[in-house]
Amino acid sequence: MLHFKRCQHLKQITQKCFSSIHVKTDKHAQLFLSRTFALAELRKSWHSTHSLVGDKNIILMGPPGAGKTTVGRIIGQKLGCCVIDVDDDILEKTWNMSVSEKLQDVGNEQFLEEEGKAVLNFSASGSVISLTGSNPMHDASMWHLKKNGIIVYLDVPLIDIVSRLKLMKIDRIVGQNSGTSMKDLLKFRKQYYKKWYDTRVFCESGASPEEIADKVLNAVKRYQDVDSETFISTRHIWPKDCEQKVSTKFFSEAVIEGLASDGGLFVPEKEFPKLNCGEWKSLVGATYVERAQILLEKCVHPADVPAARLGEMIEAAYGENFACSKIAPVRHLSGNHFILELFHGPTGSFKDLSLQLMPHLFAHCIPPNCNYMILVATSGDTGSAVLNGFSHLNKNDKQRIAVATFFPENGVSDFQKAQIIGSQKENGWAVGVKSDFDFCQTAIKRIFKDPDFTGFLTVEYGTVLSSANSINWGRLLPQVVYHASAYLDLVSQGFISFGSPVDVCIPTGNFGNILAAVYAKMMGIPIRKFICASNQNHVLTDFIKTGHYDLRERKLAQTFSPSIDILKSSNLERHLHLMANKDGQLMTKLFNQLEEQHHFQIEKILVEKLQQDFVADWCSEGECLAAIHSTYNTSGYILDPHTAVAKVVADRMQDKTCPVIISSTAHYSKFAPAILQALKIKEINQTSSSQLYLLSSYNALPPPHEALLERTKQPEKVEYQVLAAASSMEPGD
């Protein structure tokens, strides 16, 4: 039986992972207090170190032609402080010659050294300093400057830089040799700018110096205000007394705690940051990694994750692990239908887009000397994705972070099951449960609330629980990027112009993926309708149509699309909280009623508000297989069953007046038996490896997923634990 007071299996996993770190204490609250104190001290240190009071400098960094000098002068006038241009006020006065003459005299390498020495001998306070384009290439001088200021990166579009340099009649910059184009050298230099900046000002094409100066001041203000971006629980009840302090968390706390102590989910206290039209247009030609850096920097305060460190995490997450360099490409299927391919990651599902990044965020946010046990419920794809993602952490982090993933033993595809079990590493375990996903998810939520079990972990092993499901904000946030990126790709490919509306159709179970699209719209992507696609477990479709969330007399059906075989949709709470103007009291009432009475009804005004943006329908098993068959016959493209569900619903619900982006959430190889049945291939009773190689021989689109083919070569039998579910979910032995 799966117990919550004395869960022996989880204790065994904890012992395996943390046996070398044995903590004895009389009070299990001690670790929590030390963790909270550590985070508070970090933010206090941040504020005292980076506050621009008195002697701190604003340091403008960027390529030649970024407008640093002009912008610096405008900021100096606004603040009434000294303005220093490194070229004019330091280098030329030190050398008694122009910068261009010095470069011609000593050459590239010697110039960088001489430039660095001149800056090292310089000091200032309370000033605006405009760097040269090459200053960031000298480490010692940058460390010297960074100690006493905030480095602001003016990220100006390359096309603007090149045109400005032409107008300034500059045909050579430091480091440019014969045969190297100006454009290539400017691209090369970006690595140095990304290394040093504290905050970035993303400049749209054609922005005036005055507009950029205002952006710099806003960026510095945000950087200083470490308490400005906080999170609340969806069940937070606002105090009647306006002077009473609101209970909030920082991003780092929301990520490491996962679930709020009152059972709610963490959401931003304020609105999502929004990009203007010009900023979005500047991202049209950007790579996925570049888009992710810009968007996530706006959502994660640098006091939680410094911008440069966040950039390193993003580059590590979306690098060699992805089979496609575009990470999440958009493919035109037919008519107004476009497929957003979210399966090019190492485990072949959309979960990789967040779970290659989230472990790095989590490891960065946890304080030293604390261990964490990550509990994950999976309906199929999350299990292998989370085990894979956390296995890429460095050795030290893997010793502090363990993962246990619970999956319905008979509720995932054979390949998904083999993939989950085969993804176990030294810090990750798979646990099969003889029940459904909803039981696994509810079980984990109750484990979080069990003081006896959490106390045991703390007292014996100094270990705190957290989650990596989409209930965790750090897991949900990266998903916003691919919805925004998909729209930008349609603009880039010439199918639409920026500002034209699109619909999105998403196979939906736990509501995280479609909620991320809602957040993308809040950031400025013009999504018209969110089409919620369900399979036979269509509780969400029924809710969107009626406002009645009803689990009474409803049993979970096993379908060809197991990842959306879900009845209790956790992230719906976040969206209802948003629609209800952050009414935590209402969320507490609704979701307590769902637990106790298995249904709730929202008011008519909320139903109408929901239906302004959402439409929904569901797809039968026969329709799912038929869609896979017909799509392959007409376009040579194989849909996985979840994408087929979305395709059926998109055909039925979308009015064809604008493009519809269908989220393809998994590679078809993970569901070979269903695909073979849909394509009416007789060799259906072969081994999973034979089935995959048979499908790969069809030369269909998308091409075979090499990482999934490699998985079939691994030994079939891998040990893992299987638990029976306690139907009453009561404590026991």
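Conventions adopted
Residues numbered from 1 in each chain as written. Predicted model: local features only at pLDDT ≥ 70, side-chain atom pairs only at ≥ 80, totals over all residues. Heavy atoms only, no water. Helix = DSSP H or I, 4+ residues; strand = E, 2+ residues; numbered from the N terminus. Buried < 20%, exposed > 50% of the residue type's maximum accessible area, 1.4 Å probe, protein only. Areas by Shrake-Rupley, 256 points an atom, 1.4 Å probe, with all protein chains shown as cover. UniProt positions renumbered as here; feature names shortened; annotations may be inferred. Contact = heavy atoms within 4.5 Å. Salt bridge = Lys/Arg side-chain N within 4 Å of Asp/Glu carboxyl O. Core = buried A, V, L, I, M, F, W, Y, C linked by side-chain atoms within 4.5 Å. Phe/Tyr/Trp six-rings, centres within 6.5 Å; stacked < 30°, edge-to-face > 60°. Axes fitted to C-alpha atoms, helices over the stretch in contact; angles between N-to-C directions. Parallel < 35°, antiparallel > 145°, perpendicular 65-115°, else oblique. Left-handed = near helix turned anticlockwise from the far one by under 90°. Nonpolar A, V, L, I, M, F, W, Y, C, P; charged D, E, K, R; others polar. Expected span 1.5 Å × (residues − 1). Pairing = 2+ DSSP bridges. Polar contact = N/O pair within 3.5 Å; in protein donor to acceptor, adjacent residues only side chain to side chain.

**Observations concerning the overall build of the protein**
Step number 1: A count of helices and strands for the protein gives 33 helices and 21 strands.
Step number 2: Looking at the protein as a whole, 60% of its 733 residues are labelled buried.
Step number 3: Surface exposure of the protein reaches about 29,600 Å², of which carbon and sulfur atoms provide 50%.

**Things to note about the UniProt feature "modified residue: N6-(pyridoxal phosphate)lysine" (unreviewed entry) in the protein**
Step number 1: Under the local residue numbering, the UniProt record ascribes the feature "modified residue: N6-(pyridoxal phosphate)lysine" (unreviewed entry) to Lys351.
Step number 2: Position of Lys351 relative to the elements: it lies in the loop between β10 (337-341) and α15 (352-355).
Step number 3: Look past the residues within four positions of Lys351 in its chain and what remains in contact with it is Asp381, Thr382, Ala385 and Arg475.

**Structural notes on the pattern of salt bridges**
Step number 1: A complete count under the given rule lists 30 salt bridges for this structure.
Step number 2: A salt bridge links Arg235 to Glu573; the shortest N-O distance between them is 2.8 Å. Taken together, the residues Arg235 in the loop between β6 (230-233) and β7 (249-250) and Glu573 in helix α26 (residues 572-579) connect sequence positions 338 residues apart. Taken individually, Arg235 and Glu573 each receive the classification buried, so the pair is uniform in this respect.
Step number 3: Of the charged contacts, one joins Asp651 and Lys647 as a salt bridge, the two residues approaching to 2.9 Å between their closest N and O atoms. Placement of both Asp651 and Lys647 in helix α30 (residues 641-653) is noted, with a separation of 4 residues, approximately one turn of the helix.

**Focus: the nonpolar core**
Step number 1: With 118 residues, the main nonpolar core has Phe251, Trp280, Tyr318, Phe362, Phe390 and Leu576 as its most contacted residues.
Step number 2: The element contributing the most residues to this core is helix α23 (residues 479-492), with 9 residues.

**Observations concerning the packing of aromatic side chains**
Step number 1: Applying the stated criterion to the full structure yields 26 aromatic pairs.
Step number 2: Aromatic rings pair up to connect Phe231, Phe251, Phe272, Trp473 and Tyr519 into one cluster.

**Side note on the packing of α26 against helix α27 (residues 584-597)**
Step number 1: With their axes 9 Å apart at the nearest point, α26 and α27 run at an angle of 140° to one another. Classified by the interaxial angle, the pair formed by α26 and α27 is oblique. Crossing angle aside, the handedness with which α26 passes α27 is right-handed. Facing Glu573, Leu576 and His577 of α26, the residues of α27 in contact are Gly584, Met587, Leu590 and Phe591.
Step number 2: Tallied by class, residues from the contact of α26 with α27 come to 4 nonpolar, 2 polar and 1 charged.

**Section: α27**
Step number 1: Compared with an ideal rise of 1.5 Å per residue, which puts 14 residues at 20 Å, α27 spans 19 Å between its outermost C-alpha atoms and is within 8% of the ideal.
Step number 2: All buried positions along α27 are accounted for by Gly584, Met587, Leu590, Phe591, Gln593 and Leu594.
Step number 3: Packing partners of the buried residues in α27 comprise β17 (548-550), α26 and β18 (599-601).
Step number 4: Phi turns positive, to about 65°, at His598, one or two residues after α27.

**Notes on the pairing of strand β1 (residues 57-61)**
Step number 1: By the criterion of burial, β1 is predominantly enclosed, with 5 of the 5 residues buried.
Step number 2: Of the two faces of β1, the one lined by Asn57, Ile59 and Met61 and the one lined by Ile58 and Leu60 are each fully buried.
Step number 3: Looking at chain direction, β1 and strand β4 (residues 149-155) are connected through 5 bridges and run parallel. The residue of β4 that forms the bridge with Leu60 is Val152.
Step number 4: As judged from the 3 bridges shared by β1 and strand β3 (residues 127-130), these two strands associate in the parallel manner. Paired with Leu60 across the bridge in β3 is Ser130.

**A few points about the side chain of Asp381**
Step number 1: Inspection of the secondary structure puts Asp381 in helix α17 (residues 381-391).
Step number 2: Overall, Asp381 belongs to the buried group, its relative accessible area being 1%.
Step number 3: Within the structure, the side chain of Asp381 is placed 2.9 Å from the side chain of Gln416, a separation counted as a polar contact.
Step number 4: The residues touching Asp381, leaving out its near neighbours within four places in the chain, are Ser349, Lys351, Gln416, Ser563, Thr665, Ala666 and Lys670.

**Here we look at the sheet that holds strand β2 (residues 82-85)**
Within a sheet, adjacent strands bond to each other through the backbone by hydrogen bonds, running parallel or antiparallel.
Step number 1: Pairing is parallel across the open sheet formed by 5 strands, whose spatial order is β2-β3-β1-β4-β5. Of all strands in the sheet, those with a lone pairing partner are β2 and β5 (199-202), marking the two edges. Sheet twist, expressed as the mean angle between neighbouring strand axes with direction ignored, is 20°.

**Describing the side chain of Gln479**
Step number 1: Mapped onto the fold, Gln479 is located in helix α23.
Step number 2: Looking at Gln479, the relative accessible area reads 2%, which means it is buried.
Step number 3: Excluding anything up to four places from it in sequence, Gln479 contacts Phe350, Ser354, Ser470, Gly512, Asn513 and Ala516.

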